[in-house]
Amino acid sequence: MSASARSLVDGPTNYINGRWEDGQGSEVLHSVDPFTTDPIRDIPCASVEQAERAILAARAAFDSGPWGKVTARERSDLLLELADLMERNAGDLLEVVVTEVGTPVRLSRTMQVGMPIANIRWAAGMALKGPQGGYEQALPPHLGAPPSSSLLQRVPVGVVAGITGYNFPINSVVWKLGPGLASGCAMVFKPSPRTPLSTMALVKLCEQVGLPPGVVNFVIGDSDTGQLLADHDAVDMVMFTGSLGVGRKIMQSASRTTKRLVLELGGKSATILLPGSDIPQLTEASIMRWARNSGQGCGATTRTLVPRAAYDEYAATAGDYVTNLHIGSPWLEETDLGPLIRAEQRDFVEGHLSRALDRGATLIAGGGRPEGYAGYFMNAALLGGIDNSDEIAQEELFGPVGVLLPYQTVEEAIAIAHDSPYGLHAAVYGAPVEAYEVAKRLRAGAVSINGGGFMRPEGPWGGFRLSGMGREMGDDGYREFFQVKHLQWPIR
């Protein structure tokens, strides 16, 4: 890592009320490069006392600090300055995230760094635009008894706690940070213990922008820290990106204060190739939707549904593609897949793959580990001979494993897509009109049609059923950061 990139992840690791502090907790995180398995640095976790001070700093900044007097234009200007600063430091951010996450540099340049910069610029515009209906909205006169006039006032929700995932550690924070600052909220972040340094690098850039103390706070902690953020009386909203199991614990902790929750808890998404699809042309796109970032994506469409008559053709072309994926150093431009984040994550994915094969699944292509690497690599794997009720077709793996499922009719394909406890993202390929009609029927928070992208800033992200509640980004996501007040007075 270069000296300039290293400067973003060296030094004390917790940012509380405008000051950096060493962690005072008893647990130490070991940050590791998943490509080489070399240690990056050891990080003492914050203590519960430090986490509480971070929460109270955010509370004070929101309730009585200068942040409450900053105008929408000033908030927008601060966000634009942050986006410019991120752009000037894009090379350093890229170094940090590739080193810590292992995402190939070609993908990291766009999704790990470029996309967060674009999302911060979008948030700057939202500060000026305001939430749907505006910051203030006059209602028509009410001519009842007594006659009255009314105004809706949309005010920031207050202190927001953001608990983020490891797979896209900068963007996972930006989706909360950008709209949060645009709305006028104060924030406390707890990053994934697997990728704290990428978030730390972003917070160091936030510090350079000159936000008032307490507006953005950052603590690296364990599960006790997360529980405190979810339960604390001074926190008004919790936003979490991660696993269903942890999301359920956050809901339980937040229930005492009935605070607002925005939870993105993963998915087991489906790609549907409609009858008549050009199989050779669509093979690459359909596979990379579940293999990209080594499968470590909540919206990965890991169940591919093809017409039964096209099953063998797809299996052959997909097998060739999977076999020829370039797996290796994330620093090489030609690399398609890098390592998984940790050995235990690889073990988890390989365990599901092994059990599926033991139960009679067939390995269409891939599997095993590439030779010559010390890191946490596994080859992509495509399985056939699977029923949609099988474990590997129902549970989110966060690894480069896809399953191929045949269907007889389009109605059956839709039923299979819906036969999942999740509903985050789906993809449909086929004749445009038919694909559009199928997409409208799918119960998923986002549907990509014929390769359309699904992470533009204006598009909300979130899911149905076990995929969580609430939305991030877009007008719907921005609205999460506001409470609505109804002011009314008599007409005289």
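This write-up is about the structure you can find in this document. (Residues numbered from 1 in each chain as written. Predicted model: local features only at pLDDT ≥ 70, side-chain atom pairs only at ≥ 80, totals over all residues. Heavy atoms only, no water.)

Considering the nonpolar core
Here is step 1: Membership of the largest hydrophobic core comes to 72 residues, with the highest contact counts inside it found for Met86 and Leu177.
Here is step 2: Among the elements that line this core, the one with the most residues is helix 5 (residues 105-129), at 9 residues.
Here is step 3: In this structure, Leu177 is in contact with Leu82, Ile120, Met187, Phe189, Leu202, Cys206 and Val216, ignoring residues within four places of it in sequence. (Core = buried A, V, L, I, M, F, W, Y, C linked by side-chain atoms within 4.5 Å. Buried < 20%, exposed > 50% of the residue type's maximum accessible area, 1.4 Å probe, protein only. Helix = DSSP H or I, 4+ residues; strand = E, 2+ residues; numbered from the N terminus. Contact = heavy atoms within 4.5 Å.)

Structural notes on helix 2 (residues 48-63)
Here is step 1: Between the first and last C-alpha of helix 2 there are 22 Å, a value that for 16 residues agrees with the 22 Å anticipated at 1.5 Å per step.
Here is step 2: When we look at burial in helix 2, the residues that qualify are Gln50, Ala51, Ala54, Ile55, Ala57, Ala58, Arg59, Ala61 and Phe62. (Expected span 1.5 Å × (residues − 1).)

Quick notes on helix 14 (residues 410-418)
Here is step 1: Taken together, the buried positions of helix 14 are occupied by Ala413, Ile414, Ile416 and Ala417. In a view along the axis of helix 14, the buried residues occupy a sector of 160°, so they form one face of it.
Here is step 2: Buried residues along helix 14 sit in contact with strand 12 (270-273), strand 13 (303-307), strand 16 (401-407) and helix 15 (432-441). (Arc of directions from axis to C-beta.)

Thoughts on the sheet that holds strand 12
Here is step 1: With mixed pairing, 7 strands are arranged side by side in an open sheet as 14-15-16-13-12-18-19. Either end of the sheet is taken by a strand with one partner, and the two such strands are strand 14 (362-366) and strand 19 (446-449). Pairs of neighbouring strands in the sheet enclose a mean axial angle of 20°, with direction left out of account.
Here is step 2: Inspection of the sheet shows strand 18 (residues 425-429) paired to strand 19 by 4 bridges, in the parallel sense. Note that in strand 19 the partner of Val428 across the bridge is Ile449.
Here is step 3: Along the sheet, helix 12 (residues 343-358) makes contact with strand 14, strand 15 (381-384) and strand 16, crossing strand 15 at roughly 30°. (Pairing = 2+ DSSP bridges. Axes fitted to C-alpha atoms, helices over the stretch in contact; angles between N-to-C directions.)

A look at the pattern of salt bridges
Here is step 1: Within the structure shown, the criterion is met by 22 salt bridges.
Here is step 2: Between Arg59 and Asp63 there is a salt bridge; the shortest N-O distance is 2.9 Å. Highlighted residues: Arg59 and Asp63, both in helix 2, separated by 4 residues, approximately one helical turn.
Here is step 3: Between Glu350 and Arg369 there is a salt bridge, with its nearest N and O atoms 2.9 Å apart. Here Arg369 lies in the loop between strand 14 and strand 15 and Glu350 lies in helix 12, a separation of 19 residues in the sequence.
Here is step 4: Taking the relative accessible area as the measure of exposure, Arg369 reaches 43% and is therefore partly exposed.
Here is step 5: Salt bridges sharing common partners tie together Glu21, Glu49 and Arg53. (Salt bridge = Lys/Arg side-chain N within 4 Å of Asp/Glu carboxyl O.)

Considering the packing of aromatic side chains
Aromatic ring pairs: the centre-centre distance and the angle between the two ring planes describe each pair.
Here is step 1: Considering all chains together, one arrives at 9 aromatic pairs under this definition.
Here is step 2: Between the aromatic rings of Tyr15 and Trp20, the centroid separation amounts to 4.9 Å while the plane-to-plane angle is 40°, which identifies the pairing as tilted.
Here is step 3: By relative accessible area, which is 8% here, Tyr15 ends up buried.
Here is step 4: Their ring planes at 80° and their centres at 5.7 Å tell us that Tyr166 and Phe398 sit as a pair that is edge-to-face. A residue pair is termed long-range when its members are at least 10 positions apart, and Tyr166 in the loop between strand 7 (159-163) and helix 6 (169-183) and Phe398 in the loop between helix 13 (391-394) and strand 16 qualify at 232 residues.
Here is step 5: Given the relative accessible area of 10%, Tyr166 is considered buried.
Here is step 6: A cation sits over an aromatic face here: Lys204 above Trp20, 5.7 Å from the ring centre. (Phe/Tyr/Trp six-rings, centres within 6.5 Å; stacked < 30°, edge-to-face > 60°. Lys NZ or Arg CZ within 6 Å of the ring centre and 35° of its normal.)

A closer look at the environment of Phe482
Here is step 1: Among the secondary structure elements, Phe482 is positioned in strand 22 (residues 482-490).
Here is step 2: Look at Phe482 and you get buried, because its relative accessible area is 4%.
Here is step 3: In this structure the C-alpha to C-alpha distance between Phe482 and Val157, which are 325 residues apart in sequence, comes to 4.7 Å.
Here is step 4: Every residue in contact with Phe482, bar those within four places of it in the chain, is listed here: Pro131, Tyr135, Arg154, Val155, Pro156, Val157, Ser183 and Arg260.

With respect to the state of the cysteines
Here is step 1: The full count for this structure, using the stated rule, is 0 disulfides.
Here is step 2: Lacking any disulfide linkage, Cys185 is separated from the closest cysteine sulfur, that of Cys206, by 15 Å.
Here is step 3: With a relative accessible area of 0%, Cys185 lands in the buried category. (Disulfide = S-S within 2.5 Å.)

Let's talk about the sheet that holds strand 6 (residues 148-156)
Here is step 1: The sheet built from 3 strands is open, its strands ordered 5-6-22 with antiparallel pairing. One side of each edge strand has no neighbouring strand; the edge strands of this open sheet are strand 5 (136-142) and strand 22. The mean angle between the axes of side-by-side strands here comes to 20°, regardless of whether they run parallel or antiparallel.
Here is step 2: Direction of pairing for strand 5 relative to strand 6: antiparallel, over a ladder of 5 bridges. In the strand pairing of strand 6, Glu136 is matched with Gln153.

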